[in-house]
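So you can see what is in the structure, the chains are spelled out below.
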Amino acid sequence: IGGYYGRSVSGFQLAGSDSIGPSLVGASVGLLGHGPVMGELDVMHASSFFGARDSLGSNHLTTLTGNLIAWPLARTGGLWRRLRPFAVAGAGVMLSRIEAFGALGTDRNARGVVNAGGGLTWLVTRRIGVRGENRYFAAVGKVGDDWGTIDAWTFSRVTAALVWAW
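Residues numbered from 1 in each chain as written. Predicted model: local features only at pLDDT ≥ 70, side-chain atom pairs only at ≥ 80, totals over all residues. Heavy atoms only, no water.

**Overview of the nonpolar core**
- Counting residues in each nonpolar core, the largest one holds 17 residues, and the members touching the most others are Met44, Phe49, Phe50, Leu61, Met94 and Phe155.
- If you list the elements that add at least two residues to this core, you get β3 (37-47), β5 (83-98), β6 (107-123), β7 (128-140) and β8 (154-164).
- Element by element, the count of residues in this core is highest for β8, at three residues.
- Listed in part, the five residues of the second largest apolar core include Met38, Ile69, Phe86 and Val88. (Core = buried A, V, L, I, M, F, W, Y, C linked by side-chain atoms within 4.5 Å. Buried < 20%, exposed > 50% of the residue type's maximum accessible area, 1.4 Å probe, protein only. Helix = DSSP H or I, 4+ residues; strand = E, 2+ residues; numbered from the N terminus.)

Quick look at the structure:
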C-alpha cells in the first residue's frame, strides 16, 4: 500500500505548458507474491492538470490503472535486499473534465490509457519504505465529441511515495 505525491513533467496541457506540470496525488495497492512479478491497482488525481483555473476554470485528470510490476529476483543480503529497482506497465481508464470552454461548454472525456515506466523502492525497515518512479501515460481510443483537436493525450509523471508492506 502506498500513497504518493508528484508532478507531471511532460505532456499535454492547454495553458501554461512551458512550465513544470501540475501537482498530482495518488495511491496504489499491490499484491506481492514470492516471484519477481506483482499486480498493482493505481489511482491518480491531478487538479488543474490542463492549465490554471483563471484561464480554464475547474479542470482535472484522473487515472485508474491495473499494472504489473517486475523486479530482479536477486536474493543477496545487505542493502540490495531492501533496495529494489522495478519496471511497471499496465492499462486502465483516464477521466478528464474541463469546465471553461465558453460556447462549447464543459468537456468530459473517458479514454483508455496505457502506461509504462520504472523506479526504485527502498524498504527502510521490513515494513516501511519509500519509492520513486517515473511513468509515461498515453491515451488510447477516440474522444467521443466532434470539437476536439486533441489527438495525442500523453504525459509523464514523477512521484515519490511512502509505502507500507505486510
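**Quick look at the environment of threonine 121**
- As for its placement among the helices and strands, threonine 121 is situated in strand β6.
- Under the relative-accessibility criterion, threonine 121 is labelled buried at 14%.
- Separated by 37 residues in the primary sequence, threonine 121 and arginine 84 have C-alpha atoms spaced 5.1 Å apart.

**Remarks on the packing of aromatic side chains**
- Tallied over the full model, the rule gives two aromatic pairs.
- Pairing phenylalanine 49 with phenylalanine 155 gives two aromatic rings, centres 5.1 Å apart and planes at 70 degrees, and the pair type is edge-to-face. Of the two residues, phenylalanine 49 sits in the loop between β3 and α1 (53-56) while phenylalanine 155 sits in strand β8, which places them 106 residues apart along the sequence. Grouping residues by exposure puts phenylalanine 49 and phenylalanine 155 together as buried.
- Relative to phenylalanine 155, the ring of phenylalanine 137 has its centre 4.8 Å away and its plane inclined at 0 degrees; by these criteria the two rings are stacked. One end of the pair, phenylalanine 137, is in strand β7; the other, phenylalanine 155, is in strand β8, with 18 residues separating them in the sequence.
- When its relative accessible area of 1% is taken as the criterion, phenylalanine 155 is described as buried. (Phe/Tyr/Trp six-rings, centres within 6.5 Å; stacked < 30°, edge-to-face > 60°.)

Interpretation note: all reported values are geometric properties and have no functional meaning in isolation.
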